[in-house]
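# Architecture at a glance
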Amino acid sequence: VIKMADLALAGKRVLIREDLNVPISEGRVTSDARIRAALPTIELALKAGAKVLLMSHLGRPTEGQYESQYSLAPVAEHLGDLLNREVPLISDWREGVELADGELALLENVRFNQGEKADDEALAQAYASLCDVFVMDAFGTAHRAQASTHGVAKFAEVACAGPLLAGELDALEKVMANPARPLVAIVGGSKVSTKLTVLETLSEVADQLIVGGGIANTFLAASGKPVGKSLCEHDLIPVAQTLMAKTTIPVPSDVVTSKAWGGAAELKNASDVQADDSIFDIGPQASAEIAEILSKAKTILWNGPVGVFEFDQFGAGTQALSEAIANSAGFSVAGGGDTLAAIDKYNIADKVSYISTGGGAFLEYVEGKVLPAVAMLEQRAKG
Ligand code: 3PG
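Residues numbered from 1 in each chain as written. Predicted model: local features only at pLDDT ≥ 70, side-chain atom pairs only at ≥ 80, totals over all residues.

In the nomenclature of an unreviewed UniProt entry, the chain corresponds to Phosphoglycerate kinase from the organism Dasania phycosphaerae. Quoted verbatim from the Catalytic activity (unreviewed entry) heading of the UniProt record, the comment on the chain is "(2R)-3-phosphoglycerate + ATP = (2R)-3-phospho-glyceroyl phosphate + ADP". Under the UniProt heading Sequence similarities (unreviewed entry), the entry covering the chain gives this text: "Belongs to the phosphoglycerate kinase family." (UniProt positions renumbered as here; feature names shortened; annotations may be inferred.)

So, in structure tokens, the structure goes:
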């Protein structure tokens, strides 16, 4: 693909698609990781003397309608604070947008525009007419074929990848295409069903696959262990058995259980789980076994917590996992919403080699799916 860093941008109208879909509560941004990740791209374009227009979606509003709770106004304000300059928010962009060189503005939520999600060609052309160069930088939305990601890339005079998108793709390629081995992948989270393709792909690629959270319960059941009342997808037990035959997938030797959601914690050997117990975390012995495996890894891919870490009594497993990844000398990549929350909680952000801004996009990349917005950039680069 063509890279933004290789283009001369002075005096050009540059439209940058970022993923500024951040959590907002009471009109304030509560986690600005995605905004901060976009800063180097924005600063680079401004410094080059471009007229910089940003766009993003926020949440999932009713399409074609303005809904104030989905306005990007809090994002414009937060971005303005970070850049120490005013960031105007533009709703009536169809009239045309006039910016001076080195000036910056943000378009209102693209999902207020009818046709955005359907990748409407007229809308994509309208976006394209706002710029000389379109920069796709929203890795987190690259799995969506929508007018502001895929459509505009088709019609813009020049379409290129921004530094954030390019960096994400490089880091993920380093893990999935040609990893230093052993590659250890950790997949946590609640359900096997939502991560089945991820598990299947990683069982082919990784040297060791570690499962945690509700996902591990199905694997415990698949290896004949009792899981009591734990979240467990019994219909997927045969699938778990097939995966275990393909690659090494250790199941936790000890677990932390409770009789109730958020209740008192009890440490048990995995064979001693009772009918009225629910498993909410892995135990210290299982954590130590995982840490041992990770200490030998040359590459680590991490998605999903191994316990219900929002409760401190069920957070020790995810904390130990975070620390083991932080202590690893290997190349580590982490991604997915809950994973980032765990990284924040256990304060290891600067010890992970690469933290992806993608949730769904990260998983789809790992599944080996084509990201439509990236595919369009590749097509455009071929001419
Ligand atoms: C995300 O948060 O995963 C991206 O911003 C995509 O959002 P979407 O799932 O609403 O398309």
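Another aspect to go through is the packing of helix 6 (residues 196–205) against helix 8 (residues 237–246). Taken N-terminus to C-terminus, the directions of helix 6 and helix 8 make an angle of 20°; their axes are 9 Å apart at the nearest point. If you check the angle between helix 6 and helix 8, you find them roughly parallel. The element helix 6 and its partner helix 8 pack so that their crossing is left-handed. Here Leu196, Leu199, Glu200 and Ser203 of helix 6 lie close against helix 8, whose contacting residues are Val239, Leu243 and Lys246. Considering only residue class, the contact of helix 6 with helix 8 consists of four nonpolar, one polar and two charged. (Axes fitted to C-alpha atoms, helices over the stretch in contact; angles between N-to-C directions. Helix = DSSP H or I, 4+ residues; strand = E, 2+ residues; numbered from the N terminus. Parallel < 35°, antiparallel > 145°, perpendicular 65-115°, else oblique. Left-handed = near helix turned anticlockwise from the far one by under 90°. Contact = placed C-beta atoms within 7 Å. Nonpolar A, V, L, I, M, F, W, Y, C, P; charged D, E, K, R; others polar.)

Once that is clear, we can look at the nonpolar core. Taken as a class, soluble globular proteins show a tendency for nonpolar side chains to be buried jointly. Of all hydrophobic cores here, the largest spans 123 residues; its most connected members are Val14, Leu15, Phe134, Met136 and Leu377. Residues lining this core come from more than one domain, with at least three contributed by each of domain 1 (4–163 + 371–382) and domain 2 (181–329). Sequence-distant contacts of Val14, that is, excluding residues within four places in its chain, are made with Leu9, Ala45, Ala50, Lys51, Val52, Leu53, Cys131, Val133 and Val135. (Core = buried A, V, L, I, M, F, W, Y, C linked by C-beta atoms within 7 Å. Buried ≥ 20, exposed ≤ 12 C-beta atoms within 10 Å, placed from the backbone. Domains from an automatic or database assignment.)

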